Amino acid sequence: MSVLIAMSGGVDSSVSAYLIREKYKICKGATMLLFLNEALGISAKHPCCSFENISDARKICEILGIQHEVINYMGDFEERVIKKFVHVYESGGTPNPCIDCNRFMKFDSLLKHAEISGLERIATGHYARITRDSSGRYLLSKAKDLARDQSYVLYMLSQEKLAKIDFPLGDMTKPEVRELAESLNFVNARKHDSQDICFVPDNDYAGFIENYTGKIYKPGNFINESGQVLGTHKGIINYTVGQRRGLGVPAKSRLYVANIDIESNNIVLAEEGSKILQVRGVIADNANLIALDSLKNLNARVKLRYRQKEIPAIINQENNKLIIEFTEPQTAPAIGQAAVIYDGDIVIGGGTISQIIHS
């Protein structure tokens, strides 16, 4: 069996490479060049897609005695990930570029590259597990280390792709990974983890978008549910539905972003507990099911954001859409985020939130 190992230069992918080399006969490391820091106005010292990271990945491959290559995906990454990220924010949504990167880069482009190179599988440093049920169906499950679990951003994987993927870290905790890396004298054993969105320095989404597009996003009004002006916002890209911090509007109780109106450039704020914030359900497009072929009136749990807890819901499928009705109203889910369905540790499937069903 032969495997192409995705290597970012971080400790997770490096330990994955070691474990894969121990398991399979033929292995090769590959670092995807997704962007150049300077081209995006990012400091050359920023760790993601830096020459330091490429160098670290190459050093690990040398230690392991396997080949290493760098694959230039900058054009595809900009078209399929960065531009979509910008567009969704400009449309008042909340994108999840990590899901798009996994969908288009790691488990599409990289998998195709492996096949063209005559390699049968790919491996990554994701914290998740792939198993098979009694019928032979591939299942995607949460990682042993729930604090690191990344199954949420992998819900789009098909049976065909799951059959060709390894997640060697699925049964390990992060401390165990670092301990193993230290025992192997890896240069990156104590390297800091990468941030949530690799191409956005310091999580300054608005600053990145302004720098990338060269646009000035005009200030507008914060208004309440009745249309009364409460203050002035700094431009729609600075806000997301459900946000309560950094609004700069004095109020007796907490205020949340309830709606972003692109046409009027107004942002509606509502007090905690307001009906406008309470959502009965969502509709998710581009549905992908892993554990089932189809579903109807499924009682399960759904995660609406990566860091949020799962909530109980009833899910139905209509063609390529998921209609998700919560058993209790939820506060301000955001269009553009993923709705991922779980049965315990197993990922049933998911889709991208496209519509909100209000109470």
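All of these numbers come straight from a predicted model, not from anything done at the bench.

(A) Layout of the sheet that holds strand E3 (residues 67–72). Taken in spatial order, the five strands make up an open sheet running E3-E2-E1-E4-E7, and their pairing is parallel. Because the sheet does not close on itself, it has two edges, and the strands there are E3 and strand E7 (165–166). Both strand E1 (residues 2–6) and strand E2 (residues 26–33) contribute to a ladder of five bridges, which runs parallel. The partner of Ser 2 across the bridge, within E2, is Ile 26. Across the sheet, helix H2 (residues 51–64) lies against E2 and E3, angled at about 155° from E3, the strand it touches most.

(B) Highlighting unusual backbone geometry. For Asn 297, which is not a glycine, the phi torsion comes out positive at approximately 50°. When you line up the elements, Asn 297 lands in the loop between strand E12 (278–289) and strand E13 (298–303). On the basis of relative accessible area, Asn 297 is assigned to the partly exposed category, the value being 48%. With phi around 55°, Asn 319 is a residue other than glycine that occupies positive phi space. Position of Asn 319 among the secondary structure elements: in the loop between strand E14 (311–318) and strand E15 (321–331).

(C) Region of interest: the state of the cysteines. Within the structure shown, the criterion is met by zero disulfides. For Cys 27, which is in no disulfide, the shortest distance to another cysteine sulfur is to Cys 61 and amounts to 9.7 Å. You can call Cys 27 buried: its relative accessible area is 11%. In this model Cys 98 remains outside any disulfide bridge; the closest cysteine sulfur is found in Cys 198, 7.0 Å from its own.

(D) Structural context of the side chain of Thr 94. Mapped onto the elements of the fold, Thr 94 is located in the loop between helix H3 (74–90) and helix H4 (97–116). Overall, the relative accessible area of 6% leaves Thr 94 in the buried class.

(E) Main features of the packing of H3 against H4. Two numbers describe how H3 lies on H4: the axes approach to 9 Å, and their chain directions differ by 165°. The orientation of H3 relative to H4 falls into the category roughly antiparallel. Crossing hand, H3 versus H4: right-handed. Taken together, the residues of H4 that come into contact with H3 (itself represented by Asp 76, Phe 77, Arg 80, Val 81, Lys 84 and Phe 85) are Pro 97, Asp 100, Cys 101, Phe 104, Met 105, Asp 108 and Ser 109. Partitioning the contact of H3 with H4 into residue classes produces seven nonpolar, one polar and five charged.

(F) Summary view of the packing of helix H1 (residues 11–23) against helix H6 (residues 174–183). One way to put it is that H1 packs onto H6 with a least axis distance of 10 Å and a crossing angle of 70°. It follows from the interaxial angle that H1 and H6 lie roughly perpendicular. When the axes of H1 and H6 are compared, the crossing they make is left-handed. Where H1 abuts H6, its residues Val 11, Asp 12, Val 15, Tyr 18 and Leu 19 lie against Lys 174, Val 177, Arg 178, Leu 180 and Ala 181. Classifying every residue of the contact of H1 with H6 by side-chain character gives seven nonpolar, no polar and three charged.

(G) Fine view of the nonpolar core. If you look at the biggest cluster of nonpolar residues, it comprises 59 residues, and the most contacted ones within it are Phe 77, Phe 85 and Phe 199. Core analysis: the second largest hydrophobic core is formed by 24 residues, Val 11, Ala 181, Phe 186 and Ala 189 among them.

(H) A look at the pattern of salt bridges. A full pass over the atoms with the stated rule returns 19 salt bridges. Among the salt bridges present, the one from Lys 23 reaches Asp 166, with a minimum N-O distance of 3.5 Å. Of this pair, Lys 23 sits in helix H1 while Asp 166 is found in strand E7, placing the two residues 143 residues apart along the sequence. Judged by its relative accessible area of 8%, Asp 166 is buried. The salt bridge partner of Lys 84 is Asp 100, with a shortest N-O separation of 3.2 Å. Here Asp 100 lies in helix H4 and Lys 84 lies in helix H3, a separation of 16 residues in the sequence. A cluster of three or more residues bridged by salt bridges with shared partners is formed by Lys 23, Arg 121 and Asp 166.

Reading the values: the criteria
- Residues numbered from 1 in each chain as written.
- Predicted model: local features only at pLDDT ≥ 70, side-chain atom pairs only at ≥ 80, totals over all residues.
- Heavy atoms only, no water.
- Pairing = 2+ DSSP bridges.
- Helix = DSSP H or I, 4+ residues; strand = E, 2+ residues; numbered from the N terminus.
- Contact = heavy atoms within 4.5 Å.
- Axes fitted to C-alpha atoms, helices over the stretch in contact; angles between N-to-C directions.
- Buried < 20%, exposed > 50% of the residue type's maximum accessible area, 1.4 Å probe, protein only.
- Disulfide = S-S within 2.5 Å.
- Parallel < 35°, antiparallel > 145°, perpendicular 65-115°, else oblique.
- Left-handed = near helix turned anticlockwise from the far one by under 90°.
- Nonpolar A, V, L, I, M, F, W, Y, C, P; charged D, E, K, R; others polar.
- Core = buried A, V, L, I, M, F, W, Y, C linked by side-chain atoms within 4.5 Å.
- Salt bridge = Lys/Arg side-chain N within 4 Å of Asp/Glu carboxyl O.

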